[in-house]
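Notes for the structure review
Here is how the chains run, residue by residue.
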Amino acid sequence: MFRHGKFGPIEWAAVRRPRPGEVVCGDHPVAFDIGDGAALFGVIDGLGHGEAAAAAAQLAAEVVDQGRADPLDVLMQRCHLALIDTRGVAMTLASIDFDANELSWIGIGNVAADLVAKHPSGIAVRSSALLVGGIVGYRIPQTLTTAQVPISPGDLLVMSSDGIAEQHLDDIDFAAHATTIAEQLVGRYGRETDDALVLAARHRGTS
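These figures come from a predicted structure and were not determined experimentally. (Residues numbered from 1 in each chain as written. Predicted model: local features only at pLDDT ≥ 70, side-chain atom pairs only at ≥ 80, totals over all residues. Heavy atoms only, no water.)

1. Describing the pairing of strand β4 (residues 38–46)
As a reminder, the rule being used: Relative accessibility decides the category of a residue: with a 1.4 Å probe and only protein chains considered, values under 20% of the type maximum give buried, values over 50% give exposed, and everything between is partly exposed. We count a stretch as a helix when DSSP gives it H or I for four or more residues in a row; a strand needs E for two or more, and each element gets its number in order from the N terminus. In short, DSSP must find at least two bridges between two strands for them to pair.
In terms of residue burial, β4 counts as a mostly covered element, since 9 of its 9 residues are buried. What you see with β4 is no split at all: A38, L40, G42, I44 and G46 on one side and A39, F41, V43 and D45 on the other are buried throughout. By the bridge criterion, 7 bridges tie strand β3 (residues 27–33) to β4 in an arrangement that is antiparallel. Each bridged residue has a counterpart across the sheet, and for D33 the counterpart in β4 is A39. In sequence, β3 turns back onto β4 through a hairpin of 4 residues, with G35 there showing a positive phi of about 75°.

2. Quick word on the pattern of salt bridges
Keep this limit in mind: For this analysis, a salt bridge means a side-chain nitrogen from Lys or Arg found within 4 Å of a carboxyl oxygen belonging to Asp or Glu.
Summed over the entire model, instances satisfying the criterion amount to 5 salt bridges. Among the ionic pairs, D65 bridges to R68, the shortest N-O distance being 2.3 Å. By relative accessible area, D65 is classed as partly exposed at 32%. Using a relative accessible area of 28% as the deciding quantity, one classes R68 as partly exposed. In this structure, the salt-bridge partner of R188 is D171, at a minimum N-O distance of 2.9 Å.

3. Digging into the environment of G109
Applied cut-off: Contacts are assigned to residue pairs with any non-hydrogen atoms lying within 4.5 Å of each other.
Inspection of the secondary structure assignment puts G109 in the loop between β6 (102–108) and β7 (112–119). Residues within four places of G109 in sequence aside, it is in contact with A90, L131, V132 and G134.

4. Description of the packing of aromatic side chains
Short version of the rule: Pairing of aromatic side chains here covers Phe, Tyr and the six-membered ring of Trp, requires ring centres within 6.5 Å, and sorts the geometry by plane angle: under 30 degrees stacked, over 60 edge-to-face, intermediate tilted. Comment: the charge-over-ring label is applied if NZ (Lys) or CZ (Arg) is within 6 Å of the ring centre and within 35 degrees of the ring normal.
Throughout the structure, instances matching the rule amount to 3 aromatic pairs. Note on F7 and W12: the rings are 5.7 Å apart at their centroids and 35° apart in plane angle, and the pair reads as tilted. By relative accessible area, which is 4% here, W12 ends up buried. A connected cluster of aromatic rings, assembled from ring pairs, spans F7, W12 and F41. Its end group placed over the ring of F174, R202 keeps NZ or CZ at 4.7 Å from the ring centre.

Below you can see the structure in the form of structure tokens.
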């Protein structure tokens, strides 16, 4: 299952698959054009797998959709309140301001997000989202902090659920389309014991 598109200079794709042997996936991508030269991306991982995980992730995605232009910490708080009666989710959100070339992100739980760049010696991780402990819908920190980092043309944002092995950044076909990158990472590094999702977003620059 995959989605893809382009918001301003950002080319993106999200690929997911359920735990082998199951039909429903508890991992859900977020990708919205939020106007004023910005886009919102994210990965939501319902705890565990199966129907209950998918229901929690879907509800979180709907809350994010309804408030997509709001600050990231506000979106997290709203998701937390909405998910009290679910099993909860881990989630990381990232917004990209095209004009300022700035990436803002926030994460609760174990949804990884990394900004990757081409380097003469290979591929370098320029920055990684600082993830805080908690479960959205059960317990989150009282104070949530959104971090900002610069993003440049050519940079690649890679977001992944914990169904993707930690070493997934070791083997990226950096020149490939975002769809190909996401497909390859899910295919190569998706864990057999869990749902798996990768969202890749490439800053193509302005033409």
